[in-house]
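Understanding the architecture of this molecule
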Amino acid sequence: MDFGIIALITGFLLILVGLWGILTQKNIVKIVIGFSIFNTGLHIVMVGTGYVKGNAAPIINENLLQKNIVNNIVDPVPQALVNCYCNWIRSYCVNACVYCEAL
Amino acid sequence: MVKKLFVFILLIGLVYFFINLIMEYNGNNSLNFTAAYYAENSAEDVGAANIVSAVVVTYRGLDTLGEVTILFLSAAVISFFLKNQNNSSNRNIRESSELLNSASSILISIIFLFGVYVFLNGHLTPGGGFQGGAIIASGVVLLLITKPNKKVNILVFTIIESISGFAYVGIGVFGIILAGGFLDNRILPLGEFGTLLSAGMIPVINILIGLKVGAEFSGILIKFQQSQEEH
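Being a predicted model, the structure only gives us computed values, none of them experimental. (Residues numbered from 1 in each chain as written. Chains lettered and ligands numbered in written order. Predicted model: local features only at pLDDT ≥ 70, side-chain atom pairs only at ≥ 80, totals over all residues. Heavy atoms only, no water.)

1. Here's the deal with the overall build of chain B
Each helix and strand counted, chain B has eight helices and zero strands in total. Helices and strands appear in chain B in the N-to-C order α-α-α-α-α-α-α-α. For 231 residues, the compact-globule estimate of 2.2 N^0.38 gives 17 Å, and chain B exceeds it by more than 25% at 23 Å. Projected onto the principal axes, the alpha-carbon positions of chain B cover approximately 60 × 55 × 35 Å. Counting all 231 residues of chain B, 43% fall into the buried class. (Helix = DSSP H or I, 4+ residues; strand = E, 2+ residues; numbered from the N terminus. Rg over C-alpha atoms; globule rule 2.2 N^0.38 Å. Buried < 20%, exposed > 50% of the residue type's maximum accessible area, 1.4 Å probe, protein only.)

Laid out in C-alpha cells, this is it:
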C-alpha cells in the first residue's frame, strides 16, 4: 500500500465527513466547519494524485543534484495548485463566517 | 427523517463512486510534460531550491497576484459589512487568567518568529508567503483572546497591507523593465544555489506576500472582535 492510495482513502473519507456535516447540521458555523473539512479532503486528494512511487518532495538538495532530478521528485504542479487554492478557499470561508455574523 | 434518508443515500452513492476511483488508481511512474519542464529548468532559470515556490512565485506569479487580490477583496468586503460600532460602549469582559497571560507573552513572540522564518525561507524549505502570513495571523488571534479589552489600532495593519501590495505590483512592473517579464525574479543576481540570499527576487516577494496576508487576516480578525459589540 503506497502513499498515493493512503492519501486517496484519507481524502475521500474527509470529503464524506465534510459533506455529511454540510447536509445535516443546523448551526451555520458547523456548516462552515464542514465546508472546511471537505476542502481539506479535496487538497489531500489533489496532492495524492501527483505522487510518483518512491520519489522525494520537490525540493532540490545536494542529494538530488547528483541524480537525475526529473526521475526522483513527485509532481510539483498539484502542490503549487493547492498552495494557491487553499488561500482562495480560506478567504471564502471567512466570507461565509461574515454571513453567519450578519444573519 | 426523509431528508436524513436522502443524505444517507447520497453518501452511499458517493462511497461507491470513490471506491471505484480508488480501485482504478494505479499510481504514476513518471512526471507529465509540464512537471518535467519545471523540474528540469527551475534550478537554472529561477535558482530556488523549492520547486513549488518557484512555480507559485515566478512561473505562475500572475496567478499569485490574483490570489492576493481575491484576499484583498474579501478583506475589503468584510470591513464594509462589519462597521465599527461606537467605541464608547464599555464591554465588561473578564480579564484572562494569570496562566493564559504569562503563557501567551512567551508564546506570541515565538509564533511571530516562526511565521517570519517560514516566509523568509520560502525558497529553500516548505512554506512561503501565504503560510507565514497565516501563522502570524494565528499569533494575533492569541493576542486578541488574552487581551480582550485592549483597543487595537487597525490603521497600522491597513498601512502595512497597502505598502506591501503596492511594492508587490511595483516589483512586477520592474521585472518588465529590467528582466524578462512581469514578476521575473532575475532583477537581483541569482546568487549561490541553496543559500538564504539566492533566487533573485523570490525572498523579497515572499516577505511582501507574508506581510500582506498576515496584515489582512489580522485586520479581518480585529474587525470581527470589534463588531461583537453589536449583539
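There is more to say, and it comes next.
2. Overview of the confidence of the model for chain B
Residue and element names in this part refer to chain B. Looking at chain B as a whole, its pLDDT mean stands at 81, while 94% of the residues score no less than 70. Helix 5 (residues 98-120) holds the highest mean pLDDT among the elements of chain B, 89, whereas helix 2 (residues 33-45) holds the lowest, 80. Interface confidence for the predicted complex, given as ipTM, is 0.77, next to a pTM of 0.81. (pLDDT = per-residue confidence, 0-100.)

3. A look at the environment of Gly210(B)
Among the secondary structure elements, Gly210(B) is positioned in helix 8 (residues 202-227). Apart from the residues lying within four places of it in its own chain, the contact partners of Gly210(B) are Phe119(B), Gly129(B) and Gly133(B). (Contact = heavy atoms within 4.5 Å.)

4. Digging into the nonpolar core
Ranked by internal contacts, the top residues of the largest apolar core, which has 44 residues, are Ile73(A), Leu31(B), Tyr168(B), Ile205(B), Ile209(B), Phe217(B) and Ile220(B). Only helix 4 (76-102) of chain A together with helix 2, helix 3 (51-59), helix 4 (61-81), helix 6 (129-146), helix 7 (155-178) and helix 8 of chain B provide two or more residues apiece to this core. With eight residues, helix 8 of chain B is the largest single contributor of residues to this core. Within the second largest apolar cluster, 13 residues are counted, among which are Leu16(A), Val7(B), Leu11(B) and Ile22(B). (Core = buried A, V, L, I, M, F, W, Y, C linked by side-chain atoms within 4.5 Å.)

5. Quick look at the side chain of His43(A)
All names here are of chain A. The topology assignment puts histidine 43 in helix 2 (residues 28-49). Residue class for histidine 43 comes out buried when judged on its relative accessible area of 11%. Setting aside its immediate chain neighbours within four residues, histidine 43 contacts Val82, Tyr85 and Cys86.

6. With respect to the pattern of salt bridges
Residues and elements named next belong to chain B. As enumerated under the stated definition, the model contains two salt bridges over all chains in all. A salt bridge links aspartate 63 to arginine 60; the shortest N-O distance between them is 3.2 Å. According to the relative accessible area criterion, aspartate 63 is partly exposed, its value standing at 36%. Overall, arginine 60 belongs to the partly exposed group, its relative accessible area being 45%. The closest approach of N and O atoms between glutamate 216 and lysine 212, which form a salt bridge, is 3.2 Å. Of the two residues, glutamate 216 and lysine 212 are both situated in helix 8; the distance of four residues between them amounts to about one turn of the helix. For the pair formed by glutamate 216 and lysine 212, the shared burial category is buried. (Salt bridge = Lys/Arg side-chain N within 4 Å of Asp/Glu carboxyl O.)

7. Here we look at the interface of chain B and chain A
On the side of chain A, 41 residues touch chain B, which itself brings 49 residues to the contact. Between chain B and chain A, the buried area comes to about 4000 Å², and carbon and sulfur atoms account for 74% of it. When the area that chain B buries against chain A is broken down by residue, the three leading residues are Ile22(B), Tyr25(B) and Leu31(B), summing to 15%. Here chain B and chain A share zero salt bridges between them. Inspection of the chain B/chain A interface yields three residue pairs in polar contact (both at pLDDT 80 or more). Among the elements that make up the side of chain B that touches chain A, the one with the highest residue count is helix 1 (residues 2-24) of chain B (nine residues). Among the residues making up the side of chain B that touches chain A, the classes are represented as 34 nonpolar, 12 polar and three charged. (Buried area = accessible area lost by both parts, 1.4 Å probe. Polar contact = N/O pair within 3.5 Å; in protein donor to acceptor, adjacent residues only side chain to side chain. Nonpolar A, V, L, I, M, F, W, Y, C, P; charged D, E, K, R; others polar.)

8. So, the environment of Asn185(B)
Residue and element names in this part refer to chain B. Locating asparagine 185 in the fold gives a position in the loop between helix 7 and helix 8. The class for asparagine 185 is buried, based on a relative accessible area of 1%. Taking the C-alpha atoms as reference points, asparagine 185 and leucine 11, 174 residues apart in sequence, are found 47 Å from one another. Each residue touching asparagine 185, except ones within four places of it in the same chain, is listed here: Asp45, Val46, Thr58, Leu190, Ala199, Gly200, Met201 and Ile202.

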